[in-house]
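Structure assessment
Residue-level listing of the chains:
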Amino acid sequence: MKHPLYYHATLTLFSYDLTVPTLTKLPEYLREHNYINPEEYSSSPMKWAVGQSQFEWLAKNKRHQALFNSYMSSRREGKPNWFDVYPLASLVDGTVSHPDSIFLVDIGGNQGHDLGRFVAQHKTIPGRVILQDLPKIVSGVNRPSIETMGYSFLDPQPIKGNTPFHLNKQNVSN
């Protein structure tokens, strides 16, 4: 386990070049938009300030993308996992396994760090486990027992039915 300050340093390094320009222009953005929160992602202060969304910007800045991925993989270090707290038995009990059934979808799960820990602790889950994130993020993910699906949570969810979803709260603020 790395020193806790390491994780804060990676977040600071990755976000400095993107966040500071956005915050610097925020007063001007707010004035020009009459202090109204944008309803469309394409009208966000970040996109307005730097010309790209956070994820578009990261895709073009590989070093920062690596720092962001490092931060995402470590942000839960030393904290309880959601599946150690949530009563999984309520999802598993009485569930019949079928090759096409989906047990869990992790939306915005980056490189699959949470799902990797989940699958390692729960080897006999009744169904498939799917990691969803932007195509550029999941294209290089190769984790046993985890399927990947390129997806933006700004688009309609392609998986339908009574499937439990885990929306990574870190991404909701983006």
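What this report covers is the structure whose coordinates are included nearby. Because the structure is a prediction, the values reported are computed rather than measured.

1. Focus on the overall build of the protein
Of the regular secondary structure elements, the protein holds nine helices and four strands. Seen in sequence order, the protein has helices and strands lined up from the N terminus as α-α-α-α-α-α-β-α-β-α-β-β-α. Residues classed as buried in the protein amount to 37% of the 174 residues present. Sequence separation of at least 24 residues holds for 61% of the intrachain contacts in the protein that already meet a minimum separation of 6. Of the accessible surface of the protein, which amounts to about 10,600 Å², a share of 56% is contributed by carbon and sulfur atoms.

2. Looking at unusual backbone geometry
In this structure, N34 takes a positive phi of about 55° despite not being glycine. Mapping N34 onto the fold places it in the loop between α1 (4-32) and α2 (45-50). Its identity is not glycine, yet S145 carries a phi of approximately 70°, on the positive side. With respect to the helices, strands and loops of the structure, S145 is situated in the loop between α8 (135-138) and β3 (147-150). The class of S145 is exposed, set by a relative accessible area of 59%.

3. Comments concerning the nonpolar core
Judged by nonpolar contacts, the single largest core of 13 residues is most densely connected at L115, F118, V129 and L131. If you list the elements that add at least two residues to this core, you get β1 (102-107), α7 (113-121) and β2 (128-133). With three residues, α7 is the single largest residue contributor to this core. If we ignore the near neighbours within four places in the chain, the residues touching F118 are W82, F83, L88, F103, L104, I125 and V129. Formed by eight residues, the second largest nonpolar core is a distinct cluster that contains L18, F55, F68 and M72.

Calculation notes
- Residues numbered from 1 in each chain as written.
- Predicted model: local features only at pLDDT ≥ 70, side-chain atom pairs only at ≥ 80, totals over all residues.
- Heavy atoms only, no water.
- Helix = DSSP H or I, 4+ residues; strand = E, 2+ residues; numbered from the N terminus.
- Buried < 20%, exposed > 50% of the residue type's maximum accessible area, 1.4 Å probe, protein only.
- Contact = heavy atoms within 4.5 Å.
- Areas by Shrake-Rupley, 256 points an atom, 1.4 Å probe, with all protein chains shown as cover.
- Core = buried A, V, L, I, M, F, W, Y, C linked by side-chain atoms within 4.5 Å.

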